[in-house]
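Here is how the chains run, residue by residue.
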Amino acid sequence: MLQVTINGQSREFPDGYSILQALHRIGIDIPAACFDERLEPFGGCRLCLVAVQGMARPVTACNTPIADGMSIETHAPEIEQERRTLLRLLAQNMPRHSVPAKEFYGCLREYGLESAMHGPAGAVDDSHPYIRVDMSQCIACFRCVRICADVQGQFTWQVWNRGDKTEIRPDSGTTFLESSCVSCGACAHTCPTGALVDKSILTHGIPQKWTKTTCPYCGVGCEMNVGTRDGRIVQIVPVMDAPVNKGHLCVKGRYAYDYVHAEDRATEPMIRTSTGWKVVSWKEAIAATAHGFTQALREYGPGAVGVLGSARATNEENYLAQKLARVVLGTNNVDSCARVCHAPSAAALKMVLGTGAATNSFDDIEQARTILVCGSNTTENHPIVGARIRQHVLRGANLIVIDPRQIELAEIATIHLPVRPGTNIPLFNAMANVIVEERLYDQDFIRARVAGWEDYRRFIQEWTPESVASICGVEADLIRRAARFYATAKPAMSVHGLGITEHSQGTLSVVSLINLALLTGNIGKPGAGVNPLRGQNNVQGAAHMGCEPNHLTGFVPIDAGRELVQTVWQAPVPKYKGLDLMQMMEAAEKGSFEALWVIGYDILLTNPQADRTLEAMRSMKFVVVQDMFMNETAREAHVFLPACSSMEKDGTFMNGERRVQRIRRAMPPIGNSKSDWEIICAVAKAMGHGRHFEFESAEQIWEEIRKVWKVGAGITYARLDHAGIQWPCPTEEHPGTRILHEGAFQTGARAALQRVEHVPSKEMTTDEFPLLLTTGRSLFQFNAGTMTLRTPNVVFQPTDYLDISPDDAGRLGIVGGEMVTLRSRHGAIRITVRLSPAVRPGEAFTTFTMPDVYTNRLTGPEVDEITHTPEYKVTAVRIEKE
Ligand SMILES: Nc1nc2c(c(=O)[nH]1)N[C@H]1C(S)=C(S)[C@@H](COP(=O)(O)OP(=O)(O)OC[C@H]3O[C@@H](n4cnc5c(=O)[nH]c(N)nc54)[C@H](O)[C@@H]3O)O[C@H]1N2
Ligand SMILES: Nc1nc2c(c(=O)[nH]1)N[C@H]1C(S)=C(S)[C@@H](COP(=O)(O)OP(=O)(O)OC[C@H]3O[C@@H](n4cnc5c(=O)[nH]c(N)nc54)[C@H](O)[C@@H]3O)O[C@H]1N2
Ligand SMILES: [Mo]
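> Help me understand the overall build of the protein chain in this model?
Along its length, the protein chain carries 29 helices and 37 strands. Computed over its C-alpha atoms, the radius of gyration of the protein chain comes to 28 Å, within 12% of the 29 Å expected for a compact globule of 882 residues. The principal-axis extent of the C-alpha atoms belonging to the protein chain is close to 85 × 70 × 65 Å. Counting across all 882 residues of the protein chain, residues that qualify as buried make up 63%. At a minimum sequence separation of 6, the contacts of the protein chain that also span at least 24 residues come to 72%.

> When you look at the pairing of strand 35 (residues 828-835) in this model, what are you seeing that I'm missing?
Looking along a regular strand, one sees side chains alternate from face to face of the sheet. Direction of pairing for strand 33 (residues 801-804) relative to strand 35: parallel, over a ladder of four bridges. If you follow Tyr801 over to strand 35, its bridge partner there is Thr832. In the sheet, strand 34 (residues 819-824) pairs with strand 35 via five bridges, with the strands oriented antiparallel. If you follow Val820 over to strand 35, its bridge partner there is Ile831. What sits between strand 34 and strand 35 in their antiparallel hairpin is a turn of three residues.

> Is there a simple way to think about the domain arrangement of the protein chain in this case?
Interface size, as often reported, equals the accessible area lost upon joining of the parts. Partitioning the protein chain into structural domains gives domain 1 (2-89), domain 2 (93-261), domain 3 (286-340 + 538-726), domain 4 (343-532) and domain 5 (771-881). Here the C-alpha centroids of domain 1 and domain 3 sit 54 Å apart.

> How do you make sense of the site of ligand 2 when you look at a structure like this?
Taken together, 33 residues are adjacent to ligand 2, and Asp602, Thr606, Asp627, Asp676 and Asn856 come closest. Gln626 places a main-chain nitrogen or oxygen 3.0 Å from a nitrogen atom of ligand 2. Separating a nitrogen atom of ligand 2 from a side-chain N or O atom of Thr775 is a distance of 2.9 Å. Protein chains shield 99% of the accessible area of ligand 2, which is 920 Å² for the free molecule. Considering only residue class, the shell around ligand 2 consists of 15 nonpolar, ten polar and eight charged. In this structure, the shell around ligand 2 is formed jointly by two domains, domain 3 (286-340 + 538-726) and domain 5 (771-881), each of which donates at least three residues.

> Looking at this structure, I do not really get the site of ligand 1. What am I missing?
As a matter of local geometry, ligand 1 sits amid 34 residues, with Asn381, Asp403, Gly422, Gln781 and Asn783 nearest to it. Considered on its own, ligand 1 offers 910 Å² of accessible surface; in the complex 99% of this is hidden by protein. Within the residue set of the shell around ligand 1, elements represented by two or more residues are helix 11 (378-381), helix 19 (498-501) and strand 32 (771-776). When residues in the shell around ligand 1 are grouped by element, the largest group, three residues, is from helix 19. Along the lines of polarity and charge, the residues of the shell around ligand 1 split into eleven nonpolar, 17 polar and six charged. Two domains each donate at least three residues to the shell around ligand 1, and these are domain 4 (343-532) and domain 5 (771-881).

> Any chance you could explain helix 22 (residues 558-569) here in plain terms?
Since one α-helical turn is 3.6 residues long, residues separated by three or four positions face the same way. The terminal C-alpha atoms of helix 22, which comprises twelve residues, lie only 14 Å apart, well short of the 16 Å expected from a rise of 1.5 Å per residue. All of the buried residues along helix 22 are Ile558, Gly561, Arg562, Val565 and Trp569. Buried residues of helix 22 fall within an arc of 135° about the axis and therefore sit on the same side. Looking at helix 22, the residues exposed on the side facing more than 90 degrees away from the buried face are Ala560 and Glu563. In the core, the buried residues of helix 22 are packed alongside helix 9 (315-328), strand 23 (551-552), strand 24 (556-557) and helix 27 (698-708). In the segment just after helix 22, Gln570 is the residue with positive phi, at about 55°.

> Please explain the packing of helix 4 (residues 143-152) against helix 12 (residues 383-394) as it appears in this structure.
For any two helices packed against each other, the geometry comes down to the angle between their axes and how far apart the axes lie. Close contact between helix 4 and helix 12 brings their axes to 7 Å; oriented N to C, the two are set at 90°. In terms of their interaxial angle, helix 4 and helix 12 are classed as roughly perpendicular. Listed contacts from helix 12 to Ala149, Asp150, Val151 and Gln152 of helix 4 are Ala387, Arg390 and Gln391. In the contact of helix 4 with helix 12, the residues fall into three nonpolar, two polar and two charged.

> Any chance you could explain the packing of helix 9 against helix 27 here in plain terms?
Relative to each other, helix 9 and helix 27 sit at 65°, their axes nearing to 9 Å. By the angle between their directions, the pair helix 9 and helix 27 is classed as roughly perpendicular. Along this stretch, helix 9 crosses helix 27, giving a crossing that reads as left-handed. Where helix 9 approaches helix 27, its residues Asn315, Glu316, Tyr319, Leu320 and Lys323 are matched on the opposing element by Ala698, Ile701, Trp702, Glu704, Ile705 and Val708. For the contact of helix 9 with helix 27, the class distribution of residues is seven nonpolar, one polar and three charged.

> What should I look at first to understand the nonpolar core in this one?
Counting residues in hydrophobic clusters, the biggest one holds 57 residues, and the most contacted among them are Phe293, Val307, Leu320, Leu324 and Trp597. For this core, the leading source of residues is helix 9, giving seven residues. Dropping the residues within four chain positions of it, Leu320 is found in contact with Trp677, Ile680, Cys681, Phe693, Phe695 and Ile701. Ranked by size, the runner-up nonpolar core spans 54 residues in total, among them Val468, Tyr486, Leu513 and Val530.

> So what exactly am I meant to see when it comes to the packing of aromatic side chains here?
Given two aromatic rings, one states the distance between the centres and the angle between the planes to describe the pair. Tallied over the full model, the rule gives 18 aromatic pairs. Aromatic side chains Phe104 and Tyr105 sit 6.3 Å apart centroid to centroid with 80° between the ring planes, which places their arrangement in the edge-to-face category. For Phe104, a relative accessible area of 1% translates into the label buried. A relative accessible area of 3% places Tyr105 in the buried class. Taken together through their ring pairs, the aromatic side chains of Tyr130, Tyr255, Phe780 and Phe796 make up a single cluster. Directly above the aromatic system of Trp160 lies the positively charged group of Arg169, at a separation of 4.2 Å from the ring centroid. Of note, Arg857 hangs over the ring of Tyr854, and the distance from its end group to the ring centre comes to 4.2 Å.

> Teacher, can you tell me more about the sheet that holds strand 17 (residues 370-374) here?
By definition, the strands of a sheet pair up through backbone hydrogen bonds, in either a parallel or an antiparallel sense. Here we have five strands laid out as an open sheet, ordered 19-18-17-21-22, and parallel in their pairing. At either margin of the open sheet sits one strand with a lone partner, and together these are strand 19 (415-417) and strand 22 (530-532). With direction set aside, neighbouring strand axes in the sheet form an average angle of 15°. Relative to strand 18 (residues 398-402), strand 17 runs parallel, the two being bridged by five bridges. Opposite Cys374, over in strand 18, you have Ile402 as the bridge partner.

> For this particular structure, what's the right way to read the pattern of salt bridges?
Two side chains that carry opposite charge are able to pair once their charged atoms sit near each other. Enumeration according to the criterion identifies 48 salt bridges in this entry. Between Arg83 and Glu80 there is a salt bridge, with the nearest N and O atoms lying 2.7 Å from each other. With Arg83 and Glu80 both in helix 2 (residues 77-92) and three residues apart, this pair spans about one turn of that helix. For the pair Arg83 and Glu80, a shared accessibility class is recorded, and that class is buried. With its nearest N and O atoms 3.7 Å apart, the salt bridge here joins Asp721 to Arg664. Highlighted residues: Asp721 in the loop between helix 28 (717-720) and strand 30 (725-726) and Arg664 in the loop between strand 29 (659-663) and helix 26 (676-686), separated in sequence by 57 residues. For Arg664, a relative accessible area of 15% puts it in the buried group.

> Explain the side chain of Glu317 to me, please; I cannot follow it from the model alone.
Positionally, Glu317 belongs in helix 9. For Glu317, a relative accessible area of 2% gives the class buried.

> Help me understand the sheet that holds strand 14 (residues 276-279), please; the structure alone is not making it clear to me.
Across the sheet, which stays open at both edges, the seven strands sit in the order 14-13-27-26-25-15-16 with mixed pairing between neighbours. Strands with a single pairing partner mark the edges of an open sheet, and in this sheet they are strand 14 and strand 16 (334-335). Relative to strand 16, strand 15 (residues 305-308) runs parallel, the two sharing two bridges. Each residue of the ladder has a partner; that of Leu308, found in strand 16, is Asp335. Where helix 8 (residues 282-300) meets the sheet, its contacts fall on strand 13 (270-273), strand 15, strand 25 (595-599), strand 26 (622-627) and strand 27 (639-642), and the angle it forms with strand 27 comes to roughly 130°.

> Sorry, what's going on with helix 18 (residues 476-488) here?
Taking 1.5 Å of rise per residue, the 13 residues of helix 18 would be expected to cover 18 Å, and the 18 Å separating its terminal C-alpha atoms lies within 8% of that figure. Within the sequence span of helix 18, burial applies to Ala476, Ile479, Ala482, Ala483, Tyr486 and Ala487. Along helix 18, the residues classed as buried sweep out an arc of 125° about the axis, all on the same side.

Rules and cut-offs
- Residues numbered from 1 in each chain as written.
- Chains lettered and ligands numbered in written order.
- Predicted model: local features only at pLDDT ≥ 70, side-chain atom pairs only at ≥ 80, totals over all residues.
- Heavy atoms only, no water.
- Helix = DSSP H or I, 4+ residues; strand = E, 2+ residues; numbered from the N terminus.
- Rg over C-alpha atoms; globule rule 2.2 N^0.38 Å.
- Buried < 20%, exposed > 50% of the residue type's maximum accessible area, 1.4 Å probe, protein only.
- Contact = heavy atoms within 4.5 Å.
- Pairing = 2+ DSSP bridges.
- Domains from an automatic or database assignment.
- Near = heavy atom within 4 Å.
- Polar contact = N/O pair within 3.5 Å; in protein donor to acceptor, adjacent residues only side chain to side chain.
- Areas by Shrake-Rupley, 256 points an atom, 1.4 Å probe, with all protein chains shown as cover.
- Nonpolar A, V, L, I, M, F, W, Y, C, P; charged D, E, K, R; others polar.
- Expected span 1.5 Å × (residues − 1).
- Arc of directions from axis to C-beta.
- Axes fitted to C-alpha atoms, helices over the stretch in contact; angles between N-to-C directions.
- Parallel < 35°, antiparallel > 145°, perpendicular 65-115°, else oblique.
- Left-handed = near helix turned anticlockwise from the far one by under 90°.
- Core = buried A, V, L, I, M, F, W, Y, C linked by side-chain atoms within 4.5 Å.
- Phe/Tyr/Trp six-rings, centres within 6.5 Å; stacked < 30°, edge-to-face > 60°.
- Lys NZ or Arg CZ within 6 Å of the ring centre and 35° of its normal.
- Salt bridge = Lys/Arg side-chain N within 4 Å of Asp/Glu carboxyl O.

Dropping the structure here:
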């Protein structure tokens, strides 16, 4: 501890603090226009001057470290005088109008200098849907330039000219909208003046109330403060000390919230009649739901009914959804969209290492010397993790990207392996071959913690890089180099996405990736591990809470967990095997599955083979949809139950690094909508199971979850008040777990290397279908699009595009912007072509967000053998000119 005197008072601070940090710590505020805690301080504006005894001139507090015995004066008259002069100089060129919410104006007000602003009004750039640019208000503090470079890594804001002529402009040289900006909004958030400002506060006013909650979009789990005014969201900003996002957000989390207030939010319960949808009371809707299921149970039995939980709803709600399926409907037919997503990751990790979740945490990114990104378009789909990886690589870490496309991270990668879709196993096996043949494996780790070594070593011999090069479309030499980096520049951390899992060999692909970690000892350590980047805000939680046909809460196999759960529930857990989503759809088509309750999941738009899903839905006798919107699935339902958004309720989400975090109600439910958990309880009561569903709050449900989930029993709402906690966390004293498998595996001391053979996909290209289509995502739209399509994000991406290489376009005589018919063996769609140098000749890419495109009419019936996850990532197609 260092002794420092501040304004005559003696204080203690830890070593390493700057003077400004020390002042902030004890609540002394001084102007500091170029300072942002997320950035390296650089003492540019000089407003944070303080007098230090023994120094001839005042120093800038932001970049001067404290020293033992230092005596600091913050508001001495001569310092205040100098500050006032500096402020006046900065203000004099600014136009008189101001954005009162911004900190610089607060400063001027404090020093009585509002009238010092008398520059001419400048040209406003209004092109961007979320951010207004008025550089006549710029004070050249460079916070926008620095945060764009040092936090987001986008380098959109650039400094033009020097000295008096200094100007900050977007890299387009024209409008902000035309620039390389990814609309993360960090610049507007840090800008101390009205130069860059969120348009929402100009339109709707500044927030009256702030509510801390967790982002409703992806599995990264960024914490944010939601600002409301008169019951409406007017601004969202990141939580500065949030463990995951550390004061940063992406375009969806920060700006894409207008869906909450969308005019077509479905906020009334409805029943479909022969003449269309009819608004009914909650009482009628609940009675109709109870009646529909009771009837189906009576006529067809519990094997013919099921429930789909929602990866967008809370842990508490998913817990109740599976409890309802098991206790009220008496069936294990319960699933969630984890099925179509990272079920292969969970299965593979559980099978080999004993726990079906990411082994490490996002904080390991900065600890890794090498990062292996496989089949994950991280900067677009998990932007905050993407930005953290990008920053770490810009600072010198090695990056290996395995992706058919030249994704953004590939541009800065040490090595990019543009693997042919569907050939991950041969590629990983060849990397393993190099590691074994060149003796780059971790002998000590293998000796202590790995089983099956000799057997594996023999097996891997024949998987030489040369033998797979033509299958994978990657040169042998590149595979060798990637293997060497991963095995020697340690610790090496792998993160993977759907490019690995959504294949007919999904689970085994993850197993072969785990082999690489076991061989090189990249497991159970900081900066290492195997880390699936989970999809939605709570997909990890939905499955983990028990929306899984074969598992109970905590991902415990049914027979292993039965006794405990039955004791807590005071009700039996059904014995016979449940159907997963894919099996439910198949059974429905065959006429042996009759009633389904779909909570927050647009299966019709997002399941493969949309035409067959439609048939399956229409053949069911009774379908209930519970959602915020009349999505594609809802149109086919018999009863619609209006759910409120995460902004309108309490509960918890679980992110992709096993972190349970609170969500909090920022406003009351809109219209007649209700929390999913309230609706589930009401139906359970109507079906005579009230005593099992007597919950009055989300926290009460959580208290029951703690009783059945031993591994998470230490997590309480009170503890979550401060920050999220990562399971395992068995007791209230336990701090939570950042890294799994440190000393041993759940399954014992050793994990076994697995011999993974490659069975190629049946979805082959032919002369008739010569292009290999991969479907996936892009930054601005989210999955089924129900939320992002109702926000100005449509300005950035108005439709699904078919990305093809300029080569193929030339060969086919197609130009960018042209509408074509895209046909597969399974169906056809009409779609707009976009030329993309990121896509290789012979391959194509598109998203699946738009109901007016319906990409999933193209995708086929193949699934991963082990988890039944659809093979979304390979479909042979042809383009037909119109
Ligand atoms: N902006 C945005 N963010 C999202 C979502 C969204 O819709 N929009 N959805 C969320 C959800 S639910 C999920 S699951 C995640 C998914 O996030 P990601 O896992 O990143 O999802 P995808 O874009 O489907 O696929 C990732 C990459 O796999 C590559 N790929 C295809 N085939 C192969 C292959 O055989 N091998 C390899 N190595 N790569 C291949 C594709 O080129 C693509 O770049 O994103 C979440 N975040
Ligand atoms: N071709 C192709 N298809 C794919 C994929 C692919 O890569 N290619 N990826 C697959 C993957 S990984 C996934 S995860 C699925 C995603 O498919 P979905 O799960 O259908 O997509 P989401 O957009 O996440 O939205 C689900 C629904 O939840 C609703 N919702 C949001 N919050 C709440 C809430 O609090 N309560 C309730 N009740 N509802 C809410 C939304 O309005 C929306 O209708 O798509 C799959 N489909
Ligand atoms: Mo997903």
